[in-house]
Every structure is written in structure tokens, then in C-alpha cells.
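Tertiary structure, described
Take a look at the letters that make up each chain.
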Amino acid sequence: MITEPLLITLTFDAEADVFDRSIGGEPSAQTPSWRGIEEGIPLLDEVLGGYRDSNGARACATWYVRGDRQLAALFGTSSHLLEKYRDLWLQHIARGDEIGFHPHLYRLTDGEWRQETDPTALREQLAETLAAMRTAGFEPRSSRIGEAFGSNEVMAALDELGIQCDSTAMPGRVRRDAERQLDWGITPQQPYHPSTADYRQPGSPELRLLQVPMSMIETKTDYDRAPLLRYADLSFHHELMRAGLTAFLTEAPLLVTVTHPSTVLSGISPRRHGLLSFDIGNFRRNLDFILSECERLGRGHRFITIGECAQRFATHHVA
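Residues numbered from 1 in each chain as written. Predicted model: local features only at pLDDT ≥ 70, side-chain atom pairs only at ≥ 80, totals over all residues. Heavy atoms only, no water.

**Observations concerning empty space enclosed by the protein**
This structure, assessed with the given rule, holds one cavity of 30 Å³ or more. Approximately 50 Å³ is the volume attributed to the largest cavity. Lining of the largest cavity is provided by V65, R66, G67, S78, S79, L82, F101, T129 and M133. Among the secondary structure elements, those contributing two or more residues to the lining of the largest cavity are β2 (61–66) and α5 (119–135). Considering only residue class, the lining of the largest cavity consists of four nonpolar, four polar and one charged. (1 Å grid on protein atoms, 1.4 Å probe; cavity = no way out; pocket = protein on both sides within 12 Å on 5 of 7 lines; lining within 4 Å. Points joined across faces, edges and corners; volume = space filled by probe spheres on them. Helix = DSSP H or I, 4+ residues; strand = E, 2+ residues; numbered from the N terminus. Nonpolar A, V, L, I, M, F, W, Y, C, P; charged D, E, K, R; others polar.)

Right, here's the structure in full:
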């Protein structure tokens, strides 16, 4: 059992309220709503303002703000959300939070947005959308690719573009269908420098970029036949999280949580969701449980951003 302080990285994917069809109907690229950003983030700020780590430092967070060709098609620029809510993001930066790069790498085919897989097109999209983010005045240290898509080309391009850390990996998860393409089946849970030959694992030669995987815990909903590894989402119903969190925190040096701001608001989903609570009280309960487990295990805790992991975990040495 580890007794060193737990490093806690609270991450949030800031995008449209209906980001998955399970929330209620098809996610609509034509009529996105932004209650999660406009109402959910201020609510989360209020909650997180009450937390301090073992050193007395405020709970910091990493906010992955979506920006990509789909937004450009709708609003004229991929940096629409950065520009529309600029004051909000600048307020977070001023108090020590991080604003990260969060593109969904799609192509428009027969009127539908589908996952882009062509290596050249992927590199072009990453360069284009990151340039727009920088032109808008934001210089991200870290990234998260939408829907956990990864490839050797994507990781190499991020590395070349100066991204220091990426937090896309979902260790143990593989999915290949018409909707999503992701393969992190052999990926370790702890941070690593991706092999240039296989982005899913460490190896030599390696990238300078540090992969900081989302923390995967066992959960079981009433519709699961068996427990399933899912990322640690603090908006999940607490009873689904307890056992998985307890097991994870016993040995983990780092916890990377993932939450969409809309999932702490009531009224987003028309019905009860099997995983997502849409309740800020449930978010608080999960965070309180994590800190109480640290206390039970005799561990302190420190809040850090994904970008700070570059110094905490990096082992790459440049000649």
C-alpha cells in the first residue's frame, strides 16, 4: 500500500451539453447548448473553492475546452468557445488552473461528422486547430483528443507541435465501431512517454510528450453484465464509484478524474441516467469520499494540473 501523498488532477471537458446519445437523443452539432459552461462551471468553481490540499493549496483544475473543425463549421472559427467565454477562462488561469487543447478530429462525410483516421488529415487538423487556439491568446501545455481517439500520428504531431502532456488514454478500453475508434488495451495506468512505434505503451525511441492516462476504475451499472473499467467521473452516481475508488486509491500515486460540466446540472437529461447523476451534490460526495479514503489510508493529497505532470513524472532526457 502506498503511503505517499496522492496527486489529484481534476479535469473537465468543456463542450456541448449533450455530448453522448445516452443523455437524451442524438447529440446535435446543429443546435448545441452550453449550460455546462455557463452554469455548470460557476457551480463547480463554487464547490472547488471550498477544498484545500494537505499543504493548504486551493483545488486547481484542468479545463479542456473543445475546439475543432466542427465548431469552425458552425461558428466560423474552431476557437469559438475560447473567444465567447474568454473572461471565464482567463479568470481560471489567473487562479492557477490550466486551459487545455481539446479537439475532436472529425471529417464531414455525406452530411455526417465521422472520426478522421487518415494520417495526413489528422496532422493537418491538429496544426490548424492548435494554431487557432494560440491566435486566440491561449498557449496550452496539455491536450485531450475527443472520444479518446489515439494513433501514432496523433501523438507524434502533438509532440512536434509543442504539447508537453496528453491525457487521452483510457487504459484497458478498446472500441471499434461506426461511432468510435479507440484502442488503449495494452496501455499502463501510470504516466509514460509513448513509444514512437506504438503510442499505447512506453518504449524506445520515445516521444518527449508525456501521456497521462485517465484513471480507470471498475464500475457496474444495472445494465452491465459484469463490472466495466470506466474513467473516474465525479458526476457518476456515488454508489457506483465507491468500491472502484477504494481499490484504485490503495496503490495509485496519481488520480486523474474526468467530468463534463453539464453532468452536474439538473434538467440536462430527461430521465435518470445509469451512470451520470446530473447533481452537484453527488460530485461533492465523490470528492469528499476520495479525500476521506486518503485520510483512512494515512495519505496526504496534493492538487495538480495535467501540465504539472510534465515535471512530476517525466523521465525523458533530451541530449
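Now, onward.
**What about helix α6 (residues 152–160)?**
Owing to its 3.6 residues per turn, the α-helix brings residues three or four apart onto one side. What α6 keeps buried is the set V154, M155, A156, A157, L158 and D159. Each element contacted by the buried residues of α6 is listed here: β3 (98–102), α5, β6 (142–143), β7 (165–166) and β10 (210–211). Positive backbone phi, at 95 degrees, marks G162, one or two positions downstream of α6. (Buried < 20%, exposed > 50% of the residue type's maximum accessible area, 1.4 Å probe, protein only. Contact = heavy atoms within 4.5 Å.)

**Some thoughts on the environment of T219**
Among the structural elements, T219 can be located in strand β11 (residues 216–219). In this structure, the C-alpha to C-alpha distance between T219 and T246, residues 27 residues apart in sequence, is 12 Å. In this view, T219 contacts D224, P227, L228, R230 and L240; residues no more than four positions away in its chain are not counted.

Honestly, it's all geometry; don't read function into it.
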